[in-house]
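Each chain, written out:
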Amino acid sequence: MSTIDLTGRDFLTLRDFTSEEIEYLIDLAAELKDKKKKGIRVDEYRGQNVALIFEKTSTRTRCSFEVAAHDLGMGTTYLDPQGSQIGKKESIADTARVLSGMFEGIEYRGFEQEIVEELARYAKVPVWNGLTNEYHPTQMIADMLTIKEKFGRLSGLKFVYMGDARYNMGNSLMVACSKLGLHFVACTNPQYFPNEELVNASREYAKESGGSVTLTDSVAEGTKDADILYTDVWVSMGEPESVWEERIKALMPYQVNKKAMDYAKSDAIFMHCLPAFHDLKTKIGKEIYEKYGITEMEVTDEVFESANSVVFEEAENRMHSIKAIMAATLKKSSY
Ligand code: CP
Ligand code: NVA
């Protein structure tokens, strides 16, 4: 019987959670996934409602919150990037207090981490970070669950992040890996290394967990004998289009391609939070091709579609892990 109780807690960044608490959420996600596959209903949150605020667009996170909430017996209200008063006519503090009167939990996806922190400060119910510029913590539970499913463990694995390591995904993965005993490597152009404060904090976490944090600009060294190669888009939501040129120039050497996969172990997996630019089947992918002549960006289509790629299992795990996060932080209904 676990002694961990996360009821009433916000979920804003994994920095606020111990390794044991994170492992508890990963295991709960695995348990809820198993129950869903077996058709065992877990809906003890009947009659509750959650608000889903999205100031940036989403496929996976929104669908995961909606499906997970419905599976748990809850109702959802989606507030889209244009459709609410938030930030324009009403402050975050006022929004938090209004929504606290109607909902049992609030998800927020948006810009600065400070905004979700402020929302949580004023809300009387749990607040879950569905992605900010700095962190994407719900993605971490899904990613670690996926790795655990593949390797049967987390501790001791070599995890290599290539590309823009100074944004939400690089930051969050460095924190998650260092808290859970993985060997995290940011393998990229030094301009895109995570910030020093977070690197130092993560190195402290790694001391406790037996993991490590390495920054390198060498693809050969960084990816050598890796268990996991991970990347994300080079330009994130909310960044200006004008940065594409510098990103392509700086990060193309850190594309996850066959050569990088060949340095890694033969059973290494490829991961990506998605969406990914690996072909010309998207509007932006086509525009970039017309402007810069490249057909693939952070990952080649060959790697994305290979047997080593686990991206769609990873995407499915978003739902199971978001369900775990809501189930752990909300009180069960009394009827
Ligand atoms: N990985 C992820 O957060 O995807 P969405 O932007 O589609 O939610
Ligand atoms: N870094 C990406 C992650 C998307 C899930 C972004 O913020 O757009």
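What counts, and at which threshold
Residues numbered from 1 in each chain as written. Chains lettered and ligands numbered in written order. Predicted model: local features only at pLDDT ≥ 70, side-chain atom pairs only at ≥ 80, totals over all residues. Heavy atoms only, no water. Core = buried A, V, L, I, M, F, W, Y, C linked by side-chain atoms within 4.5 Å. Buried < 20%, exposed > 50% of the residue type's maximum accessible area, 1.4 Å probe, protein only. Contact = heavy atoms within 4.5 Å. 1 Å grid on protein atoms, 1.4 Å probe; cavity = no way out; pocket = protein on both sides within 12 Å on 5 of 7 lines; lining within 4 Å. Points joined across faces, edges and corners; volume = space filled by probe spheres on them. Nonpolar A, V, L, I, M, F, W, Y, C, P; charged D, E, K, R; others polar. Near = heavy atom within 4 Å. Polar contact = N/O pair within 3.5 Å; in protein donor to acceptor, adjacent residues only side chain to side chain. Areas by Shrake-Rupley, 256 points an atom, 1.4 Å probe, with all protein chains shown as cover. Sits in = over half its atoms within 2 Å of the grid points.

(A) Quick peek at the nonpolar core. Counting 63 residues, the largest nonpolar core has Met144, Ile147, Phe159 and Met326 as its most contacted members. Excluding residues within four positions of it along the chain, Ile147 makes contact with Gly152, Arg153, Leu154, Leu157, Phe159, Ile228, Ile269 and Met271. With 20 residues, the next largest nonpolar core counts Val160, Ala264, Phe270 and Phe304 among its residues.

(B) Structural detail: empty space enclosed by the protein. Counted by the stated rule, this structure contains 1 cavity of 30 Å³ or more. The calculated volume of the largest cavity comes to roughly 30 Å³. Split into classes, the residues belonging to the lining of the largest cavity amount to 5 nonpolar, 1 polar and 3 charged.

(C) A look at the site of ligand 1. Around ligand 1 sit Ser58, Thr59, Arg60, Thr61, Arg109, His136, Gln139, Cys273, Leu274 and Arg318, and those are all the residues in its vicinity. Note that an oxygen atom of ligand 1 is positioned 2.7 Å from one of the side-chain N or O atoms of Thr61. The side chain of Gln139 places a nitrogen or oxygen atom 3.0 Å from a nitrogen atom of ligand 1. About the coverage of ligand 1: the protein hides 95% of its 250 Å² of free accessible area. With respect to the pocket detection grid, ligand 1 is positioned in the largest pocket. Taken together, the residues that form the shell around ligand 1 break down as 2 nonpolar, 5 polar and 3 charged.

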